[in-house]
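Summary of the model geometry
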Amino acid sequence: LGTVADFPDFDANGDAEALYNAMKGFGSDKEAILDLVTSRSNGQRQEIRSAYKSLYGKNTLLQQNENLNYFFIIGAGTDEKCLIEILASRTNQQIHDLVAAYNDAYGRDIEQDIIGDTSGHFKKMLVVLLQGTREDDGVVHEEVIEEDAQALFAAGEEQWGTDESIFIMLLGNRSVTHLQLVFDEYQKIAEKSIEDSIKSELSGDFERLMLAVVQCIRSRPMFFAKRLYKSMKGLGTADNTLIRIMISRSEIDMLDIRECFRLRYEKSLHNMIQDDTSGEYKRTLLKLCGGDDDIAGEFFPEAAQIAYKMWEISAMTKVQLRGTVHPISDFDPGSDAQDLRKAMKGFGTDEDTIIEIVAKRSNEQRQEIRHVFKSILGRCEGSISRVRAQFCSKYCNGAGTDEHALIEILVTRSNQEIQDMCAAYKKAFKKNLEDAIRSDTSGHFCRILVSLAQTHYIPPLPFSQALADACNAESDEMMDKFMSILCTRSFPHLRRVFQEFVRCSNKDIEQIIKKEMSGDIKNAMYAIVRSVKNQPSYLADRLYKAMKGLGTDDRALIRIMVSRSEIDLFNIRKEFKDTHDTSLHDFIQVEALVVSVALLVSHNVCVCV
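Residues numbered from 1 in each chain as written. Predicted model: local features only at pLDDT ≥ 70, side-chain atom pairs only at ≥ 80, totals over all residues. Heavy atoms only, no water.

Just so we agree on the cut-off: UniProt positions are given in the numbering used here, feature names are shortened, and annotations may be inferred rather than shown by experiment.
Per an unreviewed UniProt entry, the protein chain goes by the name Annexin and belongs to Astyanax mexicanus. Here is the UniProt Function (unreviewed entry) comment for the protein chain, exactly as written: "May associate with CD21. May regulate the release of Ca(2+) from intracellular stores."

Details of the pattern of salt bridges
For the record, the criterion: For this document, the term salt bridge refers to a Lys or Arg side-chain nitrogen within 4 Å of an Asp or Glu carboxyl oxygen. Runs of H or I in DSSP of at least four residues are treated as helices and runs of E of at least two as strands, each being numbered from the N terminus. The classification of residues rests on relative accessible area computed with a 1.4 Å probe and restricted to protein chains. Under 20% of the type maximum is buried, over 50% is exposed, and intermediate values are partly exposed.
In total, this model carries 28 salt bridges according to the counting rule given. Residue Asp15 is joined to Arg40 by a salt bridge in which the shortest nitrogen-to-oxygen separation is 2.8 Å. Taken together, the residues span a long stretch of sequence, with Asp15 in helix α1 (residues 12–23) and Arg40 in the loop between α2 (30–37) and α3 (42–56) at a distance of 25 residues. On the basis of relative accessibility, which here comes to 9%, the residue Asp15 falls in the buried class. Salt-bridge contacts for Asp480 lead to Arg447; the nearest nitrogen and oxygen are separated by 3.1 Å.

Quick word on the packing of aromatic side chains
In plain terms, the rule: Each pair of aromatic rings taken from Phe, Tyr and Trp, with Trp reduced to its six-membered ring, is defined by centres within 6.5 Å and is described as stacked if the planes are under 30 degrees apart, edge-to-face if over 60, and tilted in the remaining cases.
In total, this model carries 12 aromatic pairs according to the counting rule given. Measuring from centroid to centroid gives 6.5 Å for Tyr20 and Tyr52, while their planes differ by 55°, and the two rings are tilted. With Tyr20 in helix α1 and Tyr52 in helix α3, the pair connects residues that are 32 residues apart, well separated along the chain. Judged by its relative accessible area of 28%, Tyr20 falls in the partly exposed class. Classification of Tyr52 as buried rests on a relative accessible area of 4%. Between Tyr52 and Tyr56, the aromatic rings sit 5.0 Å apart at their centres with planes inclined by 55°, giving tilted as the arrangement.

Some remarks on helix α13 (residues 220–232)
Note the following rule: To estimate how far a helix should extend, the number of its residues minus one is multiplied by 1.5 Å. Throughout this description, a polar contact denotes any pair of N or O atoms lying within 3.5 Å of each other; where both atoms belong to protein, one of them has to be capable of donating a hydrogen while the other can accept it, and for residues adjacent in sequence the pair is counted only when both atoms sit in side chains.
Given a rise of 1.5 Å per residue, 13 residues ought to cover 18 Å, and the 19 Å separating the end C-alpha atoms of α13 matches this to within 8%. Across the 13 residues of α13, 11 count as buried, placing the element largely inside the fold. Of all the positions in α13, only Pro221, Met222, Phe223, Phe224, Ala225, Lys226, Arg227, Leu228, Tyr229, Ser231 and Met232 are classed as buried. Residue Ser219 occupies the N-cap position of α13, its side-chain oxygen lying 3.1 Å from the main-chain nitrogen of Met222.

Comments concerning the side chain of Lys233
The condition is simple: The contact criterion used is simple: two residues touch if any of their non-hydrogen atoms lie within 4.5 Å.
Tracing the sequence through the fold places Lys233 in the loop between α13 and α14 (239–248). What makes Lys233 buried here is its relative accessible area of 16%. If near-sequence neighbours (up to four positions away) are discounted, Lys233 is found in contact with Met272, Thr579, His580 and Asp581.

Thoughts on unusual backbone geometry
The phi angle at Glu191 is positive, at roughly 60°, despite the residue not being glycine. With respect to the helices and strands, the residue Glu191 is situated in the loop between α10 (176–190) and α11 (194–201). The phi angle at Lys430 is positive, at roughly 60°, despite the residue not being glycine. Position of Lys430 among the secondary structure elements: in the loop between α24 (415–429) and α25 (433–440). For Lys430, a relative accessible area of 70% translates into the label exposed.

Examining the packing of helix α29 (residues 491–505) against helix α31 (residues 519–547)
Pairs of packed helices are described in terms of their axes, by the angle between the two and the distance that separates them. Worth spelling out the cut-off: Each axis is a line fitted through C-alpha atoms, taken for helices only over the stretch in contact, and angles between the N-to-C directions span 0 to 180 degrees. An angle below 35 degrees is treated as roughly parallel, one above 145 as roughly antiparallel, one from 65 to 115 as roughly perpendicular, and anything else as oblique. Here the term charged refers only to Asp, Glu, Lys and Arg, the term nonpolar to Ala, Val, Leu, Ile, Met, Phe, Trp, Tyr, Cys and Pro, and the term polar to all other amino acids, Gly among them.
Axis separation between α29 and α31 bottoms out at 10 Å; the angle between their running directions is 110°. Regarding the angle of α29 to α31, the classification is roughly perpendicular. Taken together, the residues of α31 that come into contact with α29 (itself represented by Phe491, Leu494, Arg495 and Phe498) are Val529, Ser531, Val532, Lys533 and Gln535. A per-class count over the contact of α29 with α31 returns 5 nonpolar, 2 polar and 2 charged.

A closer look at the nonpolar core
As a reminder, the rule being used: To define a nonpolar core, start from buried Ala, Val, Leu, Ile, Met, Phe, Trp, Tyr and Cys residues and group those joined through side-chain atoms within 4.5 Å.
Counting 130 residues, the largest nonpolar core has Met246, Phe482, Leu486, Phe498 and Met525 as its most contacted members. Looking at this core element by element, the count peaks at 14 residues for α31. When residues no more than four places from it in sequence are discounted, the contact partners of Phe482 are Leu467, Ala470, Cys471, Cys487, Ile509, Ile512, Ile513, Met517 and Met525. Counting 10 residues, the second largest nonpolar core, distinct from the first, contains Ala12, Ile33, Leu36 and Val37.

Points about the packing of helix α26 (residues 443–452) against α31
Our working rule: Should the near helix be turned anticlockwise from the far one by less than a right angle, the crossing is left-handed, and should it be turned clockwise, the crossing is right-handed.
Contact pair α26 / α31: the axes reach a minimum separation of 8 Å and the direction vectors enclose 30°. Relative to α31, the element α26 lies roughly parallel. Note that α26 runs across α31; the crossing there is left-handed. Residues His444, Phe445, Ile448 and Leu452 of α26 form the contact with α31, whose own contacting residues are Asp520, Ile521, Ala524, Met525 and Ile528. Residues that form the contact of α26 with α31 fall into these classes: 7 nonpolar, 1 polar and 1 charged.

Section: the side chain of Thr118
Looking at the secondary structure, you find Thr118 in the loop between α6 (110–117) and α7 (120–130). Of the residues examined, Thr118 reaches a relative accessible area of 10% and is grouped as buried. Looking at Thr118, its side chain comes within polar contact range of the main-chain oxygen of Ile114, at 2.6 Å.

Right, dumping it as structure tokens:
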């Protein structure tokens, strides 16, 4: 499942001569060079390199890929992320070859270099992996699967502190197939994934290494898809990582990596390379990539298995939602109201006092402060009233309708929250929310929103085959079927439906939506699927999009931070960090006062919450 294979009728001397002619004289024929080197396998490129040296007495531009590792193990310059990537992802034979090549090229023992430049449990695990003694994939010790899972649980979650040696011994030596079964058993025992346990029990480079090992055991293509994404997102590109992965996986599993990339990041690897690189560099990477998957709808074999497993894990995992704001003890709303009044009257504003109070009170406590504040002054401050009014009415007012906000709110709220919101909307604006939606939206999008604004009976049986059949139906019939299922079934139910959808159709529900739908309808359906799969991840993505690029979508940022602060903001922070390699805290440094004002005026029955 690579994108580069042995070139038929290969002639090393002929290719060496073609390269020489392309590079001699003034300038060079870059197109000829790229076409040649990206259409030959690594073995053939090494033959060309040898032939070139024999014919012309010097090396070509082609250098030894396998010796790149030395760059990453030189004292203070050690690249831990590269070490983790290589040693966590290579097979036993690849590691043995790497050790030999390193010694041949530099006359040094790679194990001794690693020992000299790393420390602690991180060093121990690297050395274990460097032995290349993991059991073959077919080896499964069925009699100790549960015992191994229990040993991992006892070494971490079940005790104070962590017995790292158990993690090192089991994750460094058991076969991939065996460990996949152990991880499934661990999920049942711990009621959380092995990844979540590692994140809570380990830290630093050792944590990153063990997570990489687990990710590679679950799926090497998905591991590399994540590495490629992180190498290109944000400002700048991690060229060494991008080049290393694109070259080293082009003959092994690049097709699966492409599919996993699309599955995880909602865009093709081809398109991300195209957007993030330029010139001959881009052309080379695109040739190694081999094609664009955005037009595809079906999975490659391993990617289908990964998608099925992802939905299974999503269905099995019992996520403990954690907020970041909790009720304080010894709460005195009168004292808080007086302090806020002092902080806001006169010239200037005592922002520190405002933030200290409103950011550390629960929503219920903030409402008590608001009522006391109003009783003291006979009114709320004008600016606060205006902010509250804007939050409640902004999303359904004709030309100003904020479709993204409507989708986000209606997709992520529970039945009870939606009922409360509808009642609050009617009380505040003297009309039904459904009527407001109907007056400001139309067509299938209107029907989706109205359906989401209602509560529904949850049927007991899955409807994956109905969804699969709908994919081959006419447009209106497909929309009716998708709406009848995605807008009415519970999240746990839909997780099982989407899992079975992969099995019976070999298709990606997200890609079907992306391919067959457009505009607000696509955005709404897509948001449902994302929220069903992992709601904190969906909201983390909404926060990222609210802050990236020029300017900030303050309303989206405030709405999510306020409404999720007592529910799952801790989980959202975690997903933000995992996906974007930076903390949510760093993204919102300059938004503190705006959020604090919104916290003060947020109402638990207000549309914005």
